[in-house]
Amino acid sequence: MSTQEVLKNASTLASYNVLLQVMFRVLTFLLNAFTLRFVSKELIGVVNVRLTLLYSTLVFLSREAFRRACLSGVSGTNNSWRQVINLLWLTLPLGVLWAALLVCVWLWLLEVPDPLTVPYYGPAVVLFALSGVQELLAEPLWVLAQAHMFVRLKVVAESLAMIAKCSMTVVLVVFAHEWGLYIFSAAHLVYTGFLVLCYAVYFIRFLGSQEAAKKGFPLHRIGDLLPCRADGEPLVDWTLAWLTWSFFKQSFLKQILTEGERYVMTFLNVLSFGDQGVYDIVNNLGSMVARFIFLPIEESFYIFFAKVLERGRDVKSQKQEDVAVAAEVLECLLKLVLVVGLIISVFGYAYSHLALDIYGGSLLSSGTGPTLLRCYSFYVLLLAVNGVTECFVFAAMSQKEVDRYNLVMLALSVSFLFLSYMLTWWAGGVGFILANCLNMGLRILHSLFYIHRYFQSSQWKPLRGLFPSPLLLLALAVSAVVTVLSEGVFCCDSGWLLRLVHIAVGAACLLGVFVAVLLTETQLIQFVRTQLMPQYRKKHT
């Protein structure tokens with residue numbers, strides 16, 4: 001597959017992933033707004049923080065290292081897929097071990113919620129762990145689909161699963177709200193079950209078909225998806241296994257950095273279950289755009305960089321045309337996420353109070369809710385830049401560099417936990433966001449230094465993508481001042497008419513920012529049109 005084909009497929013994957021994440025977050029957004037009217041904030045806190053942390057910890061530690069290693073291109077040839085499949089099936093026994101350990105911790109070492117306020121906590125812990133193990137059954141199929149750019153499969157599977165989960169949650173919340181945590185446990189089991197079923201049905205129909213033969217798919221029958229030894233080959237590719245081990249050691253640290261505030265809330269009890277519920281709702285609301293755009297771009301273009309660049313080799317020893325494309329894509333991605341992040345930061349500050357008031361009423365808009373969301377809008381900017389820089393760095397690093405970076409991640413993890421604990425006692429939920437900002441900034445600095453050294457001896461300077469045009473910066477600065485003044489005058493206690501005026505002011509400022517982007521960021525506009533928008537890309541190709 002040529003570099004341009006890889007770029008085209010990665011861009012298509014990013015586009016579909018963005019649409020998928022939009023649907024997911026909108027459904028979750030509406031579901032949270034709906035359930036707030038029927039269940040207590042303590043119940044939401046236990047589900048969205050305690051139980052979701054159990055599930056995410058289990059699946060992340062069980063599969064993340066395998067995903068990164070098996071998609072890195074180290075052993076991605078047709079002759080090695082047998083060994084890759086064997087390696088991927090190790091996620092299942094690993095998941096069972098993690099499930100047993102985590103269930104014991106969640107049941108016997110952590111504070112148990114009041115059964116009158118949050119009923120059926122024990123069975124819910126077991127069911128959430130079971131749902132994580134159930135999802136790991138589809139892991140070899142997921143990696144195969146990602147590696148061969150089956151972009152529509154992921155969209156359809158996760159869409160159906162999410163719709164099934166939301167439907168079951170709504171029905172049970174309305175007609176059986178006394179079931180408590182059983183509602184959310186059953187819905188999560190349905191979600192993971194639908195995922196596994198969709199992937200299994202697709203590959204059962206796909207393997208051995210004319211479409212598979214036309215694409216040159218390396219597997220030919222259902223039995224090839226199960227672990228077995230190929231003649232004349234070791235059971236697994238040990239180079240890939242050692243790379244997996246390197247990523248596995250790193251996955252502990254990355255999980256702490258990713259879910260650090262939930263670990264602090266869960267293990268140190270710095271917030272009550274009700275406050276955890278409010279914080280998590282605000283956190284989900286603030287991260288919607290980050291999950292809409294930044295996470296799909298990071299996942300999709302990690303695959304692109306991993307396939308185009310040769311891991312562990314410097315720029316001069318690689319194909320110069322491939323390096324040129326990678327540098328150009330990295331520059332455009334940095335500019336894209338920076339511009340989006342700046343827009344979110346500017347407008348998020350002036351519209352946080354209004355957004356929370358519309359979404360959850362006084363439960364969210366009073367107290368620290370607006371301050372949390374304003375701080376999170378600035379954190380989104382750091383999330384945006386870090387996602388792109390780290391996806392490039394992880395694709396280009398050698399195994400030794402990955403191992404060295406594990407030490408950096410260890411230092412960041414320790415400092416993050418300490419900062420989270422101290423800042424939370426000082427500033428409440430805002431302290432979590434401040435600690436995240438500090439640690440994310442350090443991760444960005446490390447990645448920027450690596451990228452600078454990587455391209456230092458070449459003619460390409462992709463870090464120029466971090467410098468937007470002066471006109472755009474001016475438009476953002478004017479918008480920040482105008483929208484803050486508008487909030488002070490028109491929002492949010494004087495009725496809907498003045499709220500609409502405040503919204504209109506923001507829309508006019510946002511239009512001005514878009515005009516500045518169109519006039520000054522022509523390379524970025526061309527990249528978005530030709531690579532991230534399917535209808536324009538088809539015309540371009």
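1. Comments concerning helix 17 (residues 399-427)
Step number 1: Here helix 17 spans 40 Å end to end across 29 residues, near enough to the 42 Å set by a 1.5 Å rise per residue.
Step number 2: Of the positions making up helix 17, those classed as buried are V402, Y405, N406, M409, L412, S413, F416, S420, L423 and T424.
Step number 3: Residues of helix 17 that are buried in the fold lie against helix 10 (238-258), helix 11 (260-268), helix 16 (369-396) and helix 18 (429-455).
Step number 4: Two residues or fewer past helix 17, G428 is found with a positive phi of approximately 70°.

2. As for unusual backbone geometry
Step number 1: Phi at Y120 takes a positive value of approximately 65°, unusual for a residue other than glycine.
Step number 2: Here Y120 is to be found in the loop between helix 4 (91-108) and helix 5 (121-136).

3. Brief notes about the pattern of salt bridges
Step number 1: Across all of its chains, the model carries eleven salt bridges by this definition.
Step number 2: Across the pair R464 and E331 runs a salt bridge, and its minimum N-O distance is 3.5 Å. Residue R464 is located in the loop between helix 18 and helix 19 (470-490), and its partner E331 is located in helix 14 (residues 320-360); the two are separated by 133 residues in the primary sequence.
Step number 3: Residue class for E331 comes out buried when judged on its relative accessible area of 13%.
Step number 4: With a closest N to O distance of 2.9 Å, R374 and E487 form a salt bridge. Here the residue R374 occupies a position in helix 16, and E487 occupies one in helix 19, the gap between them amounting to 113 residues. Like E487, R374 is buried.
Step number 5: Linked through salt bridges whose partners overlap, the residues forming this network are E259, R262 and D280.

4. Re the confidence of the model for the chain
One rule of thumb: low pLDDT means the predicted coordinates there are not for detailed reading.
Step number 1: In the predicted model, the chain carries a mean pLDDT of 84, and the fraction of residues at 70 or more is 91%.
Step number 2: The model gives residues 74-79 a pLDDT under 50, and that stretch makes twelve contacts with residues more than four places away or in other chains.
Step number 3: This stretch, residues 534-541, has a pLDDT under 50; its non-local contacts, to residues over four places away or in other chains, come to twelve contacts.

5. Quick word on the state of the cysteines
Step number 1: Following the criterion strictly, the structure yields zero disulfides and no others.
Step number 2: C437 carries a free sulfur, and the closest cysteine sulfur to it, the one in C375, is 7.5 Å from it.

6. Re the nonpolar core
Step number 1: Core analysis: the largest hydrophobic core is formed by 175 residues, its most contacted members being Y199, F203, F305 and F455.
Step number 2: The contact partners of F305, leaving out residues within four places of it in the chain, are A326, V329, L330, L333, C391, F392 and A395.

7. Remarks on helix 8 (residues 181-206)
Step number 1: Taking 1.5 Å as the rise per residue, helix 8 with 26 residues should run 38 Å; its terminal C-alpha atoms sit 38 Å apart, in good agreement.
Step number 2: Taken from the residues just after helix 8, G208 is the one with a positive phi, measuring 85°.

8. Brief notes about the packing of helix 10 against helix 11
Step number 1: Close contact between helix 10 and helix 11 brings their axes to 4 Å; oriented N to C, the two are set at 80°. Compared by their axis directions, helix 10 and helix 11 come out roughly perpendicular. Every residue of helix 11 that contacts helix 10 at Q255, I256, L257 and T258 is listed here: G260, E261 and Y263.
Step number 2: Residues belonging to the contact of helix 10 with helix 11 are distributed by class as follows: three nonpolar, three polar and one charged.

What counts, and at which threshold
Residues numbered from 1 in each chain as written. Predicted model: local features only at pLDDT ≥ 70, side-chain atom pairs only at ≥ 80, totals over all residues. Heavy atoms only, no water. Helix = DSSP H or I, 4+ residues; strand = E, 2+ residues; numbered from the N terminus. Expected span 1.5 Å × (residues − 1). Buried < 20%, exposed > 50% of the residue type's maximum accessible area, 1.4 Å probe, protein only. Contact = heavy atoms within 4.5 Å. Salt bridge = Lys/Arg side-chain N within 4 Å of Asp/Glu carboxyl O. pLDDT = per-residue confidence, 0-100. Disulfide = S-S within 2.5 Å. Core = buried A, V, L, I, M, F, W, Y, C linked by side-chain atoms within 4.5 Å. Axes fitted to C-alpha atoms, helices over the stretch in contact; angles between N-to-C directions. Parallel < 35°, antiparallel > 145°, perpendicular 65-115°, else oblique. Nonpolar A, V, L, I, M, F, W, Y, C, P; charged D, E, K, R; others polar.

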